[in-house]
Amino acid sequence: MAGGVTPRALCRLEDIPDGQARGFGALFAIRQGRTVFVYVNSCPHIGVSLDVIPGRFLNHQRSLIVCALHNAWFRIEDGFCTHGPCIGDSLEAVAAEVDAEGTVWVPEDAGW
Ligand code: FES
């Protein structure tokens, strides 16, 4: 992990089915192949957890992150809100890396 940041293992790649999302406490992660996008689980609208239905972060097509409380949509690749009351805001992204052994790493203090 760059910049002398102490890393923490979030999970194994196979803990997240490809194309799906999973919550990890204050964080959630979306897997697309060997790429994992990680965000703080807090909607920029009023700060609640995005998964109003626990563990459900994506739309049916699994093409967008959704906050079901007031129907905000966020791009998976950068967390930018394209629809809803917080349009133009972004989710708080967490730098994540997947190593050759398939461990997903995030900064030690991410989400805490
Ligand atoms: S709290 Fe997420 S859209 Fe309102």
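All residue numbers refer to position in the chain's written sequence, counted from 1. Where totals are concerned, whole chains, interfaces and linings use all residues; where local detail is concerned, this predicted model gives features only for residues with pLDDT of at least 70, and gives and counts side-chain atom pairs only at 80 or more. Values reported for side chains reflect all heavy atoms of the structure, with hydrogen atoms and water molecules removed beforehand.

- As annotated in an unreviewed UniProt entry, the protein carries the name Rieske (2Fe-2S) protein and comes from Teichococcus wenyumeiae.

### Some thoughts on the sheet that holds strand S4 (residues 35-40)
And then number 1: In this description, strands pair whenever DSSP reports at least two bridges between them. A helix here means a DSSP run of H or I that spans at least four residues, while a strand means a run of E at least two residues long, and both kinds are numbered starting from the N terminus. The sheet built from 4 strands is open, its strands ordered S2-S3-S4-S8 with antiparallel pairing. Bordering the open sheet on either side are strand S2 (21-24) and strand S8 (93-94), each of which pairs with just one other strand.
And then number 2: In terms of strand pairing, strand S3 (residues 27-32) meets S4 through 6 bridges, oriented antiparallel. Paired with Leu27 across the strands is Val40, a residue of S4.

### Considering the UniProt feature "domain: Rieske" (unreviewed entry) in the protein
And then number 1: UniProt positions are given in the numbering used here, feature names are shortened, and annotations may be inferred rather than shown by experiment. Here, the residues flagged by UniProt with the feature "domain: Rieske" (unreviewed entry) are residues 8-106.
And then number 2: This span, residues 8-106, is 0% helix and 38% strand, and a straight line between its end C-alpha atoms measures 5 Å.

### Notes on the nonpolar core
And then number 1: Only buried residues count toward a nonpolar core. Its members are Ala, Val, Leu, Ile, Met, Phe, Trp, Tyr and Cys residues joined through side-chain atoms within 4.5 Å. Between buried and exposed lies partly exposed: a residue is buried under 20% and exposed over 50% of the maximum accessible area for its type, with that area taken using a 1.4 Å probe on protein chains only. Counting 17 residues, the largest nonpolar core has Phe28, Ile30, Tyr39, Leu50, Ile65, Phe74 and Leu91 as its most contacted members.
And then number 2: Elements represented by at least two residues in this core include exactly S3, S4, strand S5 (65-67) and strand S6 (72-74).
And then number 3: Filtering out sequence-adjacent residues up to four positions away, Phe74 remains in contact with Cys43, Pro44, Leu50, Leu64, Ile65, Cys67, Gly79, Phe80, Cys81, Cys86 and Leu91.
And then number 4: Counting residues in each nonpolar core, the second largest holds 14 residues, with Cys11, Ile16, Val104 and Val106 among its members. In what follows, residue pairs with any heavy atoms lying within 4.5 Å of each other are defined as contacts.

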